[in-house]
Protein chains: 2
Amino acid sequence: MDPQRRHELSRLLSRLDRLEPGETLPQVKDCRPVREAFRIGITGPLGAGKSTLINQLTGHYRQRDVTVGVIAVDPSSPFTGGALLGDRVRMSDLAMDDGVFIRSLATRGASGGLAASAADAADLLDAFGFDRIIIETVGVGQSEVDIAGACDATVVVFDPGSGDGIQAMKAGLMEIADLFVVNKKDMRGADRFILDLETVLGMKAERNRPHILATVATTGEGMSDLRDWLEEYFQRIKGNGDLEHRRSEQRSRRIRRAAQDAIVRKLWDTVPQEQVERAVQSGLPVKEAALELIGNFFPRGDVDG
Amino acid sequence: MDPQRRHELSRLLSRLDRLEPGETLPQVKDCRPVREAFRIGITGPLGAGKSTLINQLTGHYRQRDVTVGVIAVDPSSPFTGGALLGDRVRMSDLAMDDGVFIRSLATRGASGGLAASAADAADLLDAFGFDRIIIETVGVGQSEVDIAGACDATVVVFDPGSGDGIQAMKAGLMEIADLFVVNKKDMRGADRFILDLETVLGMKAERNRPHILATVATTGEGMSDLRDWLEEYFQRIKGNGDLEHRRSEQRSRRIRRAAQDAIVRKLWDTVPQEQVERAVQSGLPVKEAALELIGNFFPRGDVDG
């Protein structure tokens, strides 16, 4: 991608960060239709080695001349407004490569909003022609689950030496993983961890049972296996119709969500702030006060029924 | 509370569970205005001893003839639809007490919806005259943070013997706690855990620094201290205006949220399902397809601008 095109993409991504819910980007010119790129979600606890792994995986894709866009999602604490987790993609050796584009997404607010932003950013990278799009999330929680819902495949990375694994299993990551990567497999306890993981996964129906891959991202061990597994997986779900089904459901969810965001934005654009204050000061029960507010937007009886 | 009144409350809480967003309960008769009761959120990782602690705390309140309503929130996995965590309030010895009301809330769906339901349930218990309302949540995540936003005070309970403490600190519980309870303080490692906690909390401004209380809920050790600390805290925030401020902000958030829920419900009541399907099938970008959908609801230009 030439520098000018790169600059345009960068500018559009920045705009995306600042878009109000419901606001749309200007039509992107000279782009291919979205939804050709394979979208890979990579998540897992802090310190599992995700950044190193993404660095390596990107390099292995580049060896085959496949272009890669990386979106690193940086969740913010709702309280401090600052970054909750410090993990960042450090990919300096790829930064000079024209076939790689890396973007950190620091959207604040609800987890649903974060997932929507990540999906929108992925659409943009897709439209600009990147073949593979990697979305990295840190931590374990609802936003990871939501973002997995915007990907074609989800990879959950574990460090067998940390206690976070069990926590992750509780938090619903078991349900979203298509592939488990046990990174740092050279560490003590890794074999045991893999056995435990196999036991837990063994309880799932075979068709839905995620694969397990053991790697050492720092040395590159298992990285071409990771790329090859992902590519085979992509071909498989493309062939058996799963990909189309998954993407259609994702699209439905995203459109509904975007419509809701737009209508809510319209609501708060329409209802004057003083009226909200009055509702708060009133002695009315919460839901009645809320319906009073909407009364200006719709005839009361219309909403109430 | 007499059995008939109890039955009525129970029935209303059941209705609350099944309310559509935006739907209101029928007017509750013969109730005092809400917002007199002190609302205490109790959260923390699975296995920290929250249920035992709530059992004991409720008993200590009853010794002073203070009535207590307990709402136990049971998060459900978005994937399995089943319970994610098995912890439940076991309070059989209080079940026969007329001054105690215990309710498990098993609302599914978004964490925001769960917090709204918990707050609505607390309003009902409040209106039915309970003096103290305890909202118990299990696990560590956004819903706990949201529910804390519906309480006057938030207690975070830790088991010093588990590795979950550090995870909890990451997940934003540090920011919402007014009081930390290190339960099972008789266990190995408890002193060390408290020292670590003090170090971390020492970084916060003194005014916002949560108190730490060490307890052994199973033996009742520290339980009257817990009650007394909570009561003193309540009087303090009542006296210095913090309570009023906090509640006004909560009310504002809840009213806004309820208004949004109502408008979104209206949207999906209005837009026919076939139209949603057509939008999904269309080749339009997500946000444009969404605005098309809303077009039927509003004139297009009206929303778009």
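The coordinates are above.
A brief structural summary. Quantities reported herein were computed from a predicted structural model and do not represent experimental measurements.

Criteria and cut-off values
Residues numbered from 1 in each chain as written. Chains lettered and ligands numbered in written order. Predicted model: local features only at pLDDT ≥ 70, side-chain atom pairs only at ≥ 80, totals over all residues. Heavy atoms only, no water. Helix = DSSP H or I, 4+ residues; strand = E, 2+ residues; numbered from the N terminus. Buried < 20%, exposed > 50% of the residue type's maximum accessible area, 1.4 Å probe, protein only. Polar contact = N/O pair within 3.5 Å; in protein donor to acceptor, adjacent residues only side chain to side chain. Contact = heavy atoms within 4.5 Å. Axes fitted to C-alpha atoms, helices over the stretch in contact; angles between N-to-C directions. Left-handed = near helix turned anticlockwise from the far one by under 90°. Nonpolar A, V, L, I, M, F, W, Y, C, P; charged D, E, K, R; others polar. Pairing = 2+ DSSP bridges.

### Side note on the side chain of B:Arg247
All names here are of chain B. For Arg247, the location among the structural elements is in helix α9 (residues 242–270). The class of Arg247 is buried, set by a relative accessible area of 11%. Here the side chain of Arg247 touches Asp152 through a polar contact of 2.6 Å, side chain to side chain. Excluding its chain neighbours within four sequence positions, the residues that come into contact with Arg247 are Arg35, Ala37, Phe38, Asp152 and Phe234.

### Some points on the packing of helix α10 (residues 273–281) of chain A against α9(B)
In contact at an axis separation of 9 Å, α10(A) and α9(B) are set at 115 degrees when each is read in the N-to-C sense. Handedness of the α10(A)/α9(B) crossing: right-handed. On α9(B), the residues touching A:Gln273, A:Val276, A:Ala279 and A:Val280 of α10(A) are B:Ser248, B:Arg251, B:Ser252, B:Ile255 and B:Arg256. Of the residues belonging to the contact of α10(A) with α9(B), the class tally is four nonpolar, three polar and two charged.

### Some words on the sheet that holds strand β3 (residues 100–105) of chain B
Residue and element names in this part refer to chain B. Read from one edge of the open sheet, seven strands run β3-β2-β4-β1-β5-β6-β7, paired in parallel fashion. Each edge of the sheet is formed by a strand with only one pairing partner; in this case those strands are β3 and β7 (211–214). Adjacent strand axes in the sheet meet at a mean angle of 20 degrees when their direction is disregarded. Two strands pair when backbone bridges link them, and strand β2 (residues 68–73) and β3 are joined in this way by six bridges, in the parallel orientation. What sits directly across from Gly69, in β3, is Phe101. Sheet contacts for helix α8 (residues 223–239): β1 (38–43), β4 (132–137), β5 (153–158), β6 (179–182) and β7; angle to β1, the most-contacted strand, approximately 130 degrees.

Just distances and angles here, no functional claims.
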